[in-house]
Amino acid sequence: MQRYFIYFSYDGTSYHGWQQQPNSHSVQAELQKALSTILREPIVVVGAGRTDTGVHARKMVAHFDIEAVIDGEQLAYKLNRLLPRDISVAGVKPVQADMHARFSAKWRTYHYYVHSHKNPFLRHYSCQLPFQLDYPLMNQAANHLLSVTDFGAFCKTHTDVKTTLCEVVRAEWVQTGEDSWYFVIKANRFLRNMVRAVVGTLIEVGRHRMTLEQFDAVIRSGNRSNAGESMPAHALFLEEIEY
């Protein structure tokens, strides 16, 4: 039995997230259907993680096992011909049997994009914010995340998560244009809804509706109801997965 990693990207607009679920359109289901059709046997893929409804991925990784020896370049070519236009395969490569798309991943990086002026070309992939933000202050608050281990305050409630501990090694706002920015956050793992909740809380700081001390208190509370609102999904991208 040979294990293969498949590297791909997708526009999550039309999907109820990565994970296959009953009566919902998912990226995992599309990928499994295409693989099973080409390889002529049932294929189950295991993803590096979940993305929620409407969230995009510039780089996603999944693995699958099969007895046959596969030409990865040819498989990637056939997949791109069969998959919908909003899913693109960059490559398929054999890996060692103990490599796992999810558990072997060391770091994951997300970007959340925002802009302030109406722009028809950004509306599907960036969140328009109709107010001024204090980005230097938001970066001060974001820096506090590097010394935190428990992110329970930013975890979606009523989930089956076993631990809310995460190691964040980068968290900052980066300017890309006169009125456009993105928030980059890199961690060993992420909780459900965590990035969008962190961004929503940082925006409260940027609007001067929450002080740095209050931001720290929110983190220490571990209570999701104390944090800011969850930001819209369409501006969130899974940017990188490192092994």
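One can find the structure itself at the top, above this paragraph.
Residue positions are given per chain, counting from 1 as you read along its sequence in written order. The model is predicted, so local features are restricted to residues of pLDDT at least 70 and side-chain atom pairs to those at 80 or more, both for listing and for counting; the totals for chains, interfaces and linings are taken over all residues. The basis for the side-chain values is all heavy atoms of the structure; hydrogens and waters are excluded.

Student: Can you help me understand the overall build of the protein chain in this one?
Tutor: Helix and strand labels come from DSSP, where a helix needs a run of H or I of at least four residues and a strand needs a run of E of at least two; each type is numbered from the N terminus. Along the protein chain, the regular secondary structure elements total 5 helices and 9 strands. Moving toward the C terminus, one meets the helices and strands of the protein chain in the order β-α-β-β-α-β-β-β-α-β-β-α-α-β. Radius of gyration here is computed from C-alpha atoms only, and the compact-globule reference equals 2.2 Å multiplied by the residue count raised to the power 0.38. Taken over the C-alpha trace, the protein chain has a radius of gyration of 19 Å; the compact-globule value for 243 residues is 18 Å, and the two agree within 12%. Structurally, the protein chain occupies a C-alpha span of about 60 × 40 × 30 Å along its principal axes. The buried share of the protein chain, reckoned over its 243 residues, is 49%. Residue burial considers only the protein chains on display, and all accessible areas are found by Shrake-Rupley using a 1.4 Å probe. Total accessible area on the protein chain stands at roughly 12,700 Å², and carbon and sulfur atoms take up 49% of it. Positive charges come from Lys and Arg alone, negative charges from Asp and Glu alone, with His and the N- and C-terminal ends not counted. The atoms used to mark charge sites are NZ of Lys, CZ of Arg, CG of Asp and CD of Glu. For the protein chain, the centre of its 26 positive side-chain charges and the centre of its 24 negative side-chain charges are spaced 4 Å apart. Partly exposed residues are those whose accessible area sits between 20% and 50% of the maximum for their type, while under 20% is buried and over 50% is exposed, using a 1.4 Å probe and protein chains only.

Student: Got a minute to help me understand the packing of helix α3 (residues 135-144) against helix α5 (residues 212-221) in this structure?
Tutor: The angle between two axes is taken between their N-to-C directions and runs from 0 to 180 degrees, where each axis is a line fitted to C-alpha atoms and a helix contributes only its stretch in contact. Across the interface, α3 lies against α5 with an axial gap of 10 Å and an inter-helix angle of 30°. Overall, the two elements α3 and α5 adopt an arrangement that is roughly parallel. In the packing of α3 onto α5, the handedness of the crossing is right-handed. Residue-level contacts link Leu 137, Gln 140, Ala 141 and His 144 of α3 to Leu 212, Phe 215 and Asp 216 of α5. Partitioning the contact of α3 with α5 into residue classes produces 4 nonpolar, 2 polar and 1 charged. In these notes the angle categories are as follows: under 35 degrees is roughly parallel, over 145 is roughly antiparallel, 65 to 115 is roughly perpendicular, and the rest is oblique. In a left-handed crossing the near helix is turned counterclockwise from the far helix by less than a right angle, and in a right-handed crossing that turn is clockwise. The contact rule is simple, with two residues in contact once any of their heavy atoms fall within 4.5 Å. Ten residues, namely Ala, Val, Leu, Ile, Met, Phe, Trp, Tyr, Cys and Pro, are considered nonpolar, four, namely Asp, Glu, Lys and Arg, are considered charged, and the remaining ones, Gly among them, are considered polar.

Student: Just to check I follow, could you spell out the pattern of salt bridges for this structure?
Tutor: Between side chains of opposite charge, a pair can form as their charged atoms come close. For this document, the term salt bridge refers to a Lys or Arg side-chain nitrogen within 4 Å of an Asp or Glu carboxyl oxygen. What the rule picks out here adds up to 9 salt bridges. Through salt bridges with shared partners, one network takes in Asp 52, Arg 192 and Arg 196.

Student: Is there a simple way to think about the nonpolar core in this case?
Tutor: In this text, buried Ala, Val, Leu, Ile, Met, Phe, Trp, Tyr and Cys residues form a nonpolar core when linked through side-chain atoms within 4.5 Å. Of all hydrophobic cores here, the largest spans 80 residues; its most connected members are Phe 8, Phe 64, Phe 154 and Phe 183. A total of 8 residues in this core trace back to one element, the largest contributor, which is helix α4 (residues 194-206). The domain limits used here are those given by an automatic or database domain assignment. Taken domain by domain, this core gets at least three of its residues from each of domain 1 (2-94) and domain 2 (107-242). The contact partners of Phe 64, leaving out residues within four places of it in the chain, are Gln 2, Arg 3, Tyr 4, Leu 35, Leu 39, Ile 43, Val 44, Val 45, Ile 70, Leu 75 and Val 92. Judged by nonpolar contacts, the second largest core, of 5 residues, contains Tyr 113, Val 174, Tyr 182 and Val 184.

Student: Before we go on, may I ask you to explain the packing of aromatic side chains in this structure?
Tutor: Two aromatic rings, taken as a pair, are described by how far apart their centres are and by the angle between their planes. Two rings from Phe, Tyr or Trp (for Trp, the six-membered ring) form a pair when their centres sit within 6.5 Å of each other. Planes less than 30 degrees apart are called stacked, planes more than 60 degrees apart edge-to-face, and all others tilted. A full pass over the atoms with the stated rule returns 14 aromatic pairs. Taking the centre distance of 6.2 Å and the plane angle of 50° together, the rings of Tyr 125 and Phe 237 count as tilted. With Tyr 125 in the loop between β5 (107-115) and β6 (127-128) and Phe 237 in strand β9 (residues 236-242), this pair connects stretches of sequence that are 112 residues apart. Residue classification places Phe 237 among the buried residues on the basis of a relative accessible area of 8%. With 5.6 Å between their ring centres and 70° between their planes, Tyr 135 and Trp 173 make a pair best called edge-to-face. Linking Tyr 135 in helix α3 with Trp 173 in strand β7 (residues 168-175), this pair joins segments that are 38 residues apart in sequence.

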